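Descriptive analysis of the structure
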Amino acid sequence: MLGQITFDIPLIGAQWDDCRPQKEGEQNVFWILQLTDKLMTLYHPDSYDNPEAWSNCGWFIYLQAVE
């Protein structure tokens, strides 16, 4: 994990985030797994208590820059 990023609005595709639904006005914290000049991979875990428990439910989002 490279770090974390927080949004107070749901991200694109949030309707498929069944593990921890995102809500407008709430702190939606994502872990940054990959970050390059063209790609960012985020993970929205269902629990922040045990970051080593990757077997828990979570939601991945892949963002790619386009020109």
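Residues numbered from 1 in each chain as written. Predicted model: local features only at pLDDT ≥ 70, side-chain atom pairs only at ≥ 80, totals over all residues. Heavy atoms only, no water.

1. Some remarks on the packing of aromatic side chains
All told, the structure shown has five aromatic pairs when counted by the stated rule. With 5.7 Å between their ring centres and 75 degrees between their planes, F7 and F30 make a pair best called edge-to-face. In this pair, F7 sits in strand β1 (residues 3-7) while F30 sits in strand β2 (residues 28-35), placing the two residues 23 residues apart along the sequence. Judged by its relative accessible area of 21%, F7 falls in the partly exposed class. Given the relative accessible area of 0%, F30 is considered buried. (Phe/Tyr/Trp six-rings, centres within 6.5 Å; stacked < 30°, edge-to-face > 60°. Helix = DSSP H or I, 4+ residues; strand = E, 2+ residues; numbered from the N terminus. Buried < 20%, exposed > 50% of the residue type's maximum accessible area, 1.4 Å probe, protein only.)

2. Focus: the sheet that holds strand β3 (residues 39-45)
Strand pairing in a sheet relies on backbone hydrogen bonds, with the paired strands running either antiparallel or parallel. Taken in spatial order, the four strands make up an open sheet running β1-β2-β3-β4, and their pairing is antiparallel. In the strand order of this sheet, the two ends are held by β1 and β4 (58-64), each with one partner. Averaged over all adjacent pairs, the angle separating strand axes in this sheet is 30 degrees, with direction ignored. When β1 meets β2, the two strands line up antiparallel, connected through five bridges. Note on β2: the bridge partner recorded for Q4 is W31. (Pairing = 2+ DSSP bridges. Axes fitted to C-alpha atoms, helices over the stretch in contact; angles between N-to-C directions.)

3. Digging into the environment of E67
You can see E67 is positioned in the segment after β4. Once the C-alpha coordinates of E67 and K38 are considered, the two residues, 29 residues apart in sequence, prove to be 9.8 Å apart.

4. Here we look at the side chain of H44
Its location among the elements puts H44 in strand β3. Apart from residues no more than four positions distant in its own chain, H44 is found in contact with D17, R20, Q22, N28, V29, F30, G58 and W59. (Contact = heavy atoms within 4.5 Å.)

5. Quick look at the pattern of salt bridges
Two side chains of opposite charge can pair, provided their charged atoms sit close to one another. Within the structure shown, the criterion is met by one salt bridge. Put simply, K38 and E67 hold a salt bridge, and the shortest N to O gap is 3.7 Å. Of the two residues, K38 is situated in the loop between β2 and β3 and E67 in the segment after β4; the sequence distance between them amounts to 29 residues. Taking relative accessible area as the criterion, E67 reaches 94% and is therefore assigned exposed. (Salt bridge = Lys/Arg side-chain N within 4 Å of Asp/Glu carboxyl O.)

6. Some details on the nonpolar core
Formed by L11, F30, I32, M40, L42, W59 and I61, the largest nonpolar core amounts to seven residues. Counting residues per element, the ones that place at least two in this core are β2, β3 and β4. (Core = buried A, V, L, I, M, F, W, Y, C linked by side-chain atoms within 4.5 Å.)

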